[in-house]
Amino acid sequence: MQIINGLAVYDEGNKDNRPIIFVHGFPYDHTMWDSQFEFFKKKFRVISYDIRGLGKSETGDGQYTMESYVDDLFKIIEELNLDKPILCGLSMGGYISFRAIERQQNLFGGLILCDTKPQADDDAGKLKRAAGIKLINGDGVIKFVDGFVPNTFAEESKSLEIYRITLDKCRMQNPIGVKGALIAMLSRTDTSEAIKNFNLPVLSICGEKDALTPPDVMREFTNKIPNAKFAEIPKAGHMTPLEAPDLFNKILGEFLDNLN
Ligand code: MLT
């Protein structure tokens, strides 16, 4: 692990291989990509990091925006001197990815969008985030996490050990970082128009049982991206890389093998 601009950054695999950056979702940390790191580091340079305020990255003042999250990603790319990295983001990591591509798509060689969507929060979504912040202030982050994280896994996946491990990790997150992420998400811009101008290869991956960004939502926006493919993972919820790592890696591997 190395620290770049206050962020905990993980960088494995041969430095001469093509880089892939994995951006985690909320309220997780980089370890949600452990299976992908192990699998893809044989052929790629794999990079991940803890989003500011989460995991082992600095919390600072907790005042984040989607723009500052994208600035952090760009800083990592610059510091590691990465040439045309492939970007793979899940959910909130996807929001960061949509905006990063909208800002500077020439930097990237490909995009994988996992269980995410380009639309900004509507009013109901914003109010839900505000209620989450109130809950953390009143009852603590564990209460919030215990209400939020179970919805991100399919019922069938809740007997998996990884579910318990993930829940326990999320319960340890810093409340200031979690509240900062809620504000960054509720104040993010909408990238649904920008996706029509994405001109790099894109793969969308969605869990069949994803309750937050269901397959019909993902299929619809994927159809608007010029060079995009869609894949659905049976029985998985919102956390496809954790719930179905083997199939996820196979689908992602096939996409990567076909990139120039
Ligand atoms: C995530 O998995 O990153 C979150 O579900 C995103 C969100 O709450 O919008």
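Further up the page is the structure itself.
Definitions and limits used
- Residues numbered from 1 in each chain as written.
- Predicted model: local features only at pLDDT ≥ 70, side-chain atom pairs only at ≥ 80, totals over all residues.
- Heavy atoms only, no water.
- Helix = DSSP H or I, 4+ residues; strand = E, 2+ residues; numbered from the N terminus.
- Polar contact = N/O pair within 3.5 Å; in protein donor to acceptor, adjacent residues only side chain to side chain.
- Contact = heavy atoms within 4.5 Å.
- Near = heavy atom within 4 Å.
- Areas by Shrake-Rupley, 256 points an atom, 1.4 Å probe, with all protein chains shown as cover.
- Nonpolar A, V, L, I, M, F, W, Y, C, P; charged D, E, K, R; others polar.
- Core = buried A, V, L, I, M, F, W, Y, C linked by side-chain atoms within 4.5 Å.
- Buried < 20%, exposed > 50% of the residue type's maximum accessible area, 1.4 Å probe, protein only.
- Salt bridge = Lys/Arg side-chain N within 4 Å of Asp/Glu carboxyl O.

Participant: Please explain the side chain of S48 as it appears in this structure.
Facilitator: By the secondary structure assignment, S48 is in strand β4 (residues 45-49). A polar side-chain atom of S48 sits 3.0 Å from the main-chain carbonyl oxygen of F22. For S48, the contacting residues outside a window of four places in its chain are A8, V9, Y10, F22, H30, W33 and F37.

Participant: What is the right way to read the site of the ligand from this model?
Facilitator: Around the ligand sit G25, F26, S91, M92, Y95, R129, F148, M185, L212 and H238, and that is every residue in its neighbourhood. A distance of 3.0 Å is found between an oxygen atom of the ligand and a side-chain nitrogen or oxygen belonging to S91. Contact distances for the ligand include 2.8 Å between an oxygen atom and a side-chain N or O atom of R129. Contact with the protein chains hides 95% of the accessible area of the ligand, taken as 270 Å² for the molecule alone. Its residues assigned to classes, the shell around the ligand comprises six nonpolar, three polar and one charged.

Participant: Before we go on, may I ask you to explain the nonpolar core in this structure?
Facilitator: One recurring pattern in soluble globular proteins: nonpolar side chains tend to sit buried together. Membership of the largest hydrophobic core comes to 85 residues, with the highest contact counts inside it found for Y49, I112 and L256. Counting residues per element, this core draws most heavily on helix α2 (residues 66-80), which supplies eight residues.

Participant: Help me out: how do you make sense of the environment of I21 in this one?
Facilitator: As for its placement among the helices and strands, I21 is situated in strand β3 (residues 19-23). Linking I21 and R45, residues 24 residues apart in sequence, is a C-alpha distance of 8.6 Å. Filtering out sequence-adjacent residues up to four positions away, I21 remains in contact with I47, Y49, L73, I77, L82, P85, I86, L87 and C88.

Participant: Please clarify how the pattern of salt bridges should be interpreted in this entry.
Facilitator: One side chain can pair with another of opposite charge once the charged atoms of both are near each other. Across all of its chains, the model carries 21 salt bridges by this definition. Taking the shortest distance from any N to any O, the salt bridge between D72 and R52 comes out at 2.8 Å. Note that D72 is positioned in helix α2 and R52 in the loop between β4 and α2, a separation of 20 residues in sequence. By relative accessible area, which is 6% here, D72 ends up buried. Because the salt bridges share partners, they merge into one network encompassing E67, D71, R99, E102 and R103.

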